[in-house]
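Tertiary structure, described
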Protein chains: 2
Amino acid sequence: MTNKHLTIGTLSRMTATKVETIRFYEKSGLLAKPARTEGNYRSYAPADLNRLSFIRRARDLGFSLDQIRVLLDLADDRSRSCEAVDEIAKEHLAEVERKIADLKALQRELDRLLSQCRCGTVAECRIIETLSPLPLEVN
Amino acid sequence: MTNKHLTIGTLSRMTATKVETIRFYEKSGLLAKPARTEGNYRSYAPADLNRLSFIRRARDLGFSLDQIRVLLDLADDRSRSCEAVDEIAKEHLAEVERKIADLKALQRELDRLLSQCRCGTVAECRIIETLSPLPLEVN
DNA sequence: AAGGTCCCTATAGTGACTACAGGGTTAGAT
DNA sequence: ATCTAACCCTGTAGTCACTATAGGGACCTT
């Protein structure tokens, strides 16, 4: 209980991360290879818990593993300017906003599609009809 | 020019679909295996163009290939009720709306994160700080 | 000593493509 | 007739962020 070393299962429960995912983060270089016990079990220090928690929060906010890799590097050099951090977050926000706009356009299209359905036979189905093409002559 | 048979490249240009993607759709069973020329080139009929156009429009609307497979099956049986079509579209719309809600929550979080940035050093960066954990004691 | 729960490695699967590598075919210009 | 560029072919592996499985070893309690 005063043991500072954690098994992968404990880490898993503490961060709501599947064991396989933790091993995957290790293989992808996001987590350092931890010490091993005699029986070849991974043995994590509290710093690993912090790092994994950081990764999971950033993932929850939709940052990619590549972005997280950069954020972790930046976080390690505490004296540098945090402009680069800001940059990554801004870029990610812009991407999220683009996705929202795209999905809203989609939503309008689907709404329109569904509002036209009279629920008769497929032959007179406006959804199928809208999807079915009068293809353009390109070549 | 009165030739009804199309090469994969022509089909590609007419539907703005990469050649590899067309072959991928064939391998996934969305497009039937077309006839071949003497030189073993794929030779497509106008019906294939229609089918591919349908697939691409549905993809643009965010339907999955599995959903499209079902839609294509339904579209082929023109006498049946189009309820099932409606069902798929509604389900898809609901999913799009869920995604929009998720992304909006994300956007708010990122906005909050960014609004706190004073752009000093990483040590005082509120973005890094927010991501960095005071992990909960779970086990 | 047995059973259950943990842990290990390695590999393959997901979705929807995309990108090669390493060739064969065809159309048009010379 | 020959050359060349543009097209086409198959097959495989890569993308992202995991997830799942197989086939085993370790550990703890009873």
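Residues numbered from 1 in each chain as written. Chains lettered and ligands numbered in written order. Predicted model: local features only at pLDDT ≥ 70, side-chain atom pairs only at ≥ 80, totals over all residues. Heavy atoms only, no water.

**Some points on the packing of aromatic side chains**
Residue and element names in this part refer to chain A. Applying the stated criterion across every chain yields a total of two aromatic pairs over all chains. Each ring, one from Phe 24 and one from Tyr 25, has its centre 5.9 Å from the other, and the planes form 50°; the classification is tilted. Look at Phe 24 and you get partly exposed, because its relative accessible area is 41%. For Tyr 25, a relative accessible area of 3% corresponds to the buried category. (Phe/Tyr/Trp six-rings, centres within 6.5 Å; stacked < 30°, edge-to-face > 60°. Buried < 20%, exposed > 50% of the residue type's maximum accessible area, 1.4 Å probe, protein only.)

**So, the interface of chain A and chain B**
Counting residues at the interface gives 60 residues for chain A, matched by 60 residues for chain B. Approximately 5400 Å² of surface area, both sides summed, lies buried where chain A meets chain B, with 73% of it carried by carbon and sulfur atoms. If you sort the residues of chain A by the area they bury against chain B, A:Leu61, A:Val122 and A:Leu131 come out on top, with a joint share of 12%. In this assembly, chain A and chain B are joined by zero salt bridges. Counting across the interface, chain A meets chain B through three residue pairs in polar contact (both at pLDDT 80 or more). If you list the elements that add at least two residues to the side of chain A that touches chain B, you get helix H1 (8-15), helix H3 (46-60), helix H4 (65-76), helix H5 (83-115) and helix H6 (126-131) of chain A. Of all the elements, H5(A) adds the most residues to the side of chain A that touches chain B, at 19 residues. A per-class count over the side of chain A that touches chain B returns 33 nonpolar, 13 polar and 14 charged. (Contact = heavy atoms within 4.5 Å. Buried area = accessible area lost by both parts, 1.4 Å probe. Salt bridge = Lys/Arg side-chain N within 4 Å of Asp/Glu carboxyl O. Polar contact = N/O pair within 3.5 Å; in protein donor to acceptor, adjacent residues only side chain to side chain. Helix = DSSP H or I, 4+ residues; strand = E, 2+ residues; numbered from the N terminus. Nonpolar A, V, L, I, M, F, W, Y, C, P; charged D, E, K, R; others polar.)

**Examining the UniProt feature "domain: HTH merR-type" (unreviewed entry) in chain A**
With numbering matched to this structure, UniProt assigns "domain: HTH merR-type" (unreviewed entry) to residues 5-74 of chain A. Between the C-alpha atoms that bound residues 5-74 of chain A there is a distance of 26 Å. The span itself is 60% helix and 6% strand. (UniProt positions renumbered as here; feature names shortened; annotations may be inferred.)

**Details of the domain arrangement of chain A**
Residues and elements named next belong to chain A. In terms of domain boundaries, chain A breaks down into domain 1 (1-80) and domain 2 (83-132). For domain 1 versus domain 2, the distance between C-alpha centres works out to 36 Å. The interface is formed by seven residues belonging to domain 1 together with six residues belonging to domain 2. Summed over both sides, the interface of domain 1 with domain 2 buries roughly 540 Å², with 75% coming from carbon and sulfur. Counting across the interface, domain 1 meets domain 2 through zero salt bridges. The interface formed by domain 1 and domain 2 holds two residue pairs in polar contact (both at pLDDT 80 or more) in total. When its residues are assigned to classes, the side of domain 1 that touches domain 2 shows five nonpolar, two polar and no charged. (Domains from an automatic or database assignment.)

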